[in-house]
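# A structural walkthrough
Below are the chains, spelled out letter by letter.
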Amino acid sequence: MQPIHLENVQKNYFLDKVQVSALKGINLRIDAGEFTVIAGPSGSGKTTILNLIGCVDTASSGKVVVGGKETGALTEKQLTDLRLHTIGFIFQSFNLIPVLNVVDNVEFPLLLQNKQSPKERRDQVMRFIDRVGLTQYAQHRPSELSGGQRQRVAIARALVTKPQIVLADEPTANLDSVTGQTIIDLMKEINATEKTTFLFSTHDHSIMNQARRIIRLHDGRIQE
Amino acid sequence: MTHWMVLKIAARNVFLHRMRTLVVGSILTFGAFLAVLGHSFVNGISGGMESSTTQSITGDIQIYSESAKDKLSVFGNMDGSPTDVGHVDSFETIENALMKNPQIVSVVPMGTSFAQVNPGNILDHFLEKLRKSYKTANFDKNDVDSQKRRIRFLAQEIQKNLEGKFEEIGILSPADAAQAKINLEKVVHDSFWSDFDANAEDKIEFLANKIAPLIFDDNMIFFSYVGTDPQLFKEKFPQFEIVKGEMIPPGTRGFLFHDFFYENMVKHRIARRLDQIKKKMKDDKLTLAGSKELQDQIKANVEQSAEIYLQLGPAETDSVSQKLNKLLGTQEKDFRVVLKNYLSMNDQNFQERYDFFYKEIAPYVILHRVQIGDVLPLSAFTKAGTSTAVNIKVYGTFRFKSFENSPLAGNFSVMDLVSLRELYGFMTDERREQNKEIEAEMGLDDVGRDSIEDLFASSAATKEVKPKTKSKAVDLKFQKRVMGATYTQEELSKGVFLHAAVFLKDPSNMDRVIKEINEMSKNDKLGIQAVSWQDAAGFIGQMTFMMKAILNIFIGISLLLAGLMIMNSLLMAAMNRKQEIGTMRAIGAHAQFIYRLFFYETLFLSVVFGGIGVALGALLVVILGKIGIPASGDVATFFFSGPKLYLHLNLSLIFVVMAVMVVIAILATQYPAWKAMKISPLQAMQKRE
């Protein structure tokens, strides 16, 4: 995996005609295999950094390089493809597709990639479902799963395409502490075995301390 | 393979978002149902009106003179005035030319116009009957005496009726009013009747000229008619059937009333009103208490009760008076009073009194001003403005089956074409012969005019007409020149006609045949033009077109509204699924994926719910095709071509409606899908509370 670079990145928003600077000159490098937390209070810019790295948003100025490509120079289609092949997302609210069961949800990004035969795809999906310990729930819909189970499905979905990087925006915020810890343990395990880079945001100190690297943000700037 | 995933998500979304599915599905179902039912109904009515028109007067195509001043409208103009379509010289020539076209099966010559007749009032009727009796050799004296008594009684009633009102009437000048009083006094006196037999003609003449006009009522009957070959007309318009009397015999001059007209315009006014009240109470569910229109009819009956009592002789008056008093539970001696009381009907007693009228009163009154078998003195104005007249026998009444109660199906009567020609002002062989007779009687030279119009209307007439010899005055009394009873088929075929109905083997070829006829006329200089039945039907034909257009517009507006409601519903659904859509985009789904998702969802909805709507609509059409939709009145009867409209299911309509529903749904999807495509992956990052 090529490192992720942010060079002097600024991001501004307009809130009712008032310009707000969410990021004020961020310089950051993330290498392969890192298990990194972006920490900071609400409004510090954690989600904004994840959005820029996740190619769902573009910087107002500066350079963001993901997968060896400067995202500011890419079209909407190219960004989408970059997300599909390079990045996995784990959302705070799980964001599973409600009408699909566990298998279908996990299979979804593989279908979008359209690189494998149906059998290969199914085998891979079942492997990851098994990996997150949900084999017996494979045919269940999200509404039939607990919060922790749903987040595990989200993790399987994020990992099934074997992305270079997995971005998780406060992945344990909607879970109890025990379940949350289970999720973090799973992420650590995959990070260790698959060497997948994990970059997640949290303001939970107990979670923060389990990361190998912490990037602290305050008021749109990285605290040294 | 993403197609399969999209379909799966789309199909499952339909079931997951039940409210949205229900709203959109209901709109689609209703829209499809309405489209199928509406179109079947429109087609049914259109077909009904076509049948009503083509099977009663127009045929499939109408032909008429290419140099006609007006466009042909067989039902006349909207203001009731006839159209001036000129004439075509020889029917035989045109028929022979047209029959060369293998699509044409027959041609029926005709001409529609308007005429009037004054059949006389009841006294005229009684006097005519008495006159005939006197002309009969060995007439029955008792019968004649009875008739005289009735006429005398009638004269007394007229005198009573007009007492104190002569000057008020306003029709008579004071001098005439004074003379009328004297005349009435004379005829009610014994001295008038004592020598009646010896001076019957003069007495009858006096009564006809001096007393009959004192019955002031509107006697003139105006009507439209079609002059045609009656036998061919009956054969080619299969809905035609005789109701009263008999068909005009072949080759015979004659007249048939349209039965609807006969019952509504020729019938005794009180009887007519009672029939109309009964019909409205039955068809429109009106009540006498609740309807001003019906109350006015009752009031008119009471005011015009003279129409009954003037017709009853003394014995009949006593008999009916007794029965009326029994019915009403009164002992009123004055017949006029008890009659007025009887005619003041209400909802509770109407049916009983209606039945009483036909059982006890109708047998004694002249129920129709013109009787079957009468000879009618028809008159009309030619297009040059001259008046012409023919005397013609009434053979009976007819109607068109299926729409016998509809005046719109042609409130016109039928007569032979030869008589039409006379009324229109064309010279017929018989008239030519008769003129020669008159000229011979009066010692006149034949002025050599071939057209009656030319004879009387031409301002270029220069030859002074002088009798050759002194001739006695022609005795025209009692010499009604009833035109000869017969004509030859040759005379009918060779003479002029105003327009003609053309019947086709296959009516769907109408447009093509019209074109062929017009081309042939141009090439062979036939001088005719062909138009569709719809054009020939004038404003009624336009009604068909307008009704179809209005109904289609209504269906179109309904479908447009349906589309807008669907779009709104889908838009709301899209906005409620921002996070789901954002997630898909974040994971790597392109905007096109999102579009396809919405497309398939809507396609699924439109096919399933549109299909349900189409099925329900088709089912109802099939059911209505079996049981029929009853016509609620005369106008509906015409539109339905009968008492009921039977719908027919057109299978291609099902496919068309399905396609339209799918198109509407897909069009309605475009804006919501576009909005959904614009949803950014950022939406996925928004945290739920």
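Rules behind the numbers
- Residues numbered from 1 in each chain as written.
- Chains lettered and ligands numbered in written order.
- Predicted model: local features only at pLDDT ≥ 70, side-chain atom pairs only at ≥ 80, totals over all residues.
- Heavy atoms only, no water.
- 1 Å grid on protein atoms, 1.4 Å probe; cavity = no way out; pocket = protein on both sides within 12 Å on 5 of 7 lines; lining within 4 Å.
- Points joined across faces, edges and corners; volume = space filled by probe spheres on them.
- Helix = DSSP H or I, 4+ residues; strand = E, 2+ residues; numbered from the N terminus.
- pLDDT = per-residue confidence, 0-100.
- Contact = heavy atoms within 4.5 Å.
- Expected span 1.5 Å × (residues − 1).
- Buried < 20%, exposed > 50% of the residue type's maximum accessible area, 1.4 Å probe, protein only.
- Arc of directions from axis to C-beta.
- Buried area = accessible area lost by both parts, 1.4 Å probe.
- Salt bridge = Lys/Arg side-chain N within 4 Å of Asp/Glu carboxyl O.
- Polar contact = N/O pair within 3.5 Å; in protein donor to acceptor, adjacent residues only side chain to side chain.
- Pairing = 2+ DSSP bridges.
- Axes fitted to C-alpha atoms, helices over the stretch in contact; angles between N-to-C directions.
- Parallel < 35°, antiparallel > 145°, perpendicular 65-115°, else oblique.
- Left-handed = near helix turned anticlockwise from the far one by under 90°.
- Nonpolar A, V, L, I, M, F, W, Y, C, P; charged D, E, K, R; others polar.

### A short note on empty space enclosed by the protein
Here the structure, examined in full by the defined rule, presents three cavities of 30 Å³ or more. Of the volumes computed, that of the largest cavity is approximately 80 Å³. Taken together, Arg-83, Leu-84, Ile-87, Gly-88, Phe-89, Pro-109, Arg-157, Ala-158 and Thr-161 of chain A together with Ile-587 of chain B make up the lining of the largest cavity. When residues of the lining of the largest cavity are traced back to their parent elements, those giving at least two are helix 2 (76-86), strand 6 (87-90) and helix 5 (147-159) of chain A. The element best represented in the lining of the largest cavity is strand 6 of chain A, accounting for three residues.

### Details of the confidence of the model for chain B
All names here are of chain B. Confidence along chain B averages 84 in pLDDT terms, with 87% of residues attaining 70 or more. Long-range and interchain partners of residues 448-482, a stretch whose pLDDT sits below 50, account for 51 contacts in this model, where long-range means more than four residues apart. Here the prediction assigns the complex a pTM of 0.68, and the interface score ipTM is 0.91.

### Details of helix 22 (residues 510-524) of chain B
Residue and element names in this part refer to chain B. Look at helix 22: 21 Å from first C-alpha to last across 15 residues, which is about the 21 Å you get at 1.5 Å a residue. Buried residues of helix 22: Met-510, Val-513, Ile-514, Ile-517, Met-520 and Ser-521, and no others. Buried residues along helix 22 cover an arc of 130° about the axis, so they all sit on one side. In helix 22, those exposed residues whose orientation departs by more than 90 degrees from the buried face are Asp-511, Lys-515, Lys-522 and Asn-523. In this structure, the buried residues of helix 22 make contact with strand 1 (61-65), helix 3 (91-98), strand 2 (104-117), strand 9 (499-504), strand 10 (528-532) and helix 23 (533-536). Phi turns positive, to about 55°, at Lys-525, one or two residues after helix 22.

### Let's talk about the interface of chain B and chain A
Taken together, the 25 residues of chain B in the interface contact 32 residues of chain A. Between chain B and chain A, a total of about 2,700 Å² is buried, with carbon and sulfur atoms accounting for 65% of that surface. For the pair chain B and chain A, the interface holds three salt bridges. For Asp-104 of chain A, the salt bridge goes to Arg-12 of chain B, with nearest N and O atoms at 3.5 Å. Across the chain B-chain A interface, the total number found is eight residue pairs in polar contact (both at pLDDT 80 or more). Only helix 1 (2-16), helix 25 (578-587) and helix 29 (682-685) of chain B provide two or more residues apiece to the side of chain B that touches chain A.

### Here we look at the sheet that holds strand 4 (residues 61-66) of chain A
Strand order in the open sheet formed by four strands is 2-1-4-5 (chain A), with antiparallel pairing between adjacent strands. Where the open sheet ends on each side, the last strands, each with one partner, are strand 2 (18-30) and strand 5 (69-70) of chain A.

### Some thoughts on the packing of helix 2 (residues 18-58) of chain B against helix 26 (residues 591-627) of chain B
All names here are of chain B. Where helix 2 contacts helix 26, the axes come no closer than 7 Å and their chain directions differ by 40°. Looking at the two axes, helix 2 sits oblique to helix 26. Two packed elements cross with a definite hand, and for helix 2 against helix 26 that hand is right-handed. When grouped by side-chain class, the residues that make up the contact of helix 2 with helix 26 number 15 nonpolar, eight polar and two charged.

### What about the pattern of salt bridges?
Throughout the structure, instances matching the rule amount to 41 salt bridges over all chains. Glu-601 of chain B is the salt-bridge partner of Arg-20 of chain B, the closest N and O atoms lying 3.1 Å from each other. Here Arg-20 of chain B is found in helix 2, whereas its partner Glu-601 of chain B is found in helix 26, with 581 residues between them in sequence. With relative accessibility at 1%, the residue Glu-601 of chain B sits in the buried group. Between Asp-275 of chain B and Lys-267 of chain B there is a salt bridge, and its shortest N-O distance comes to 2.7 Å. Residues participating in the shared-partner salt-bridge network are Asp-104, Glu-107, Arg-121 and Arg-122 of chain A together with Lys-8 and Arg-12 of chain B.

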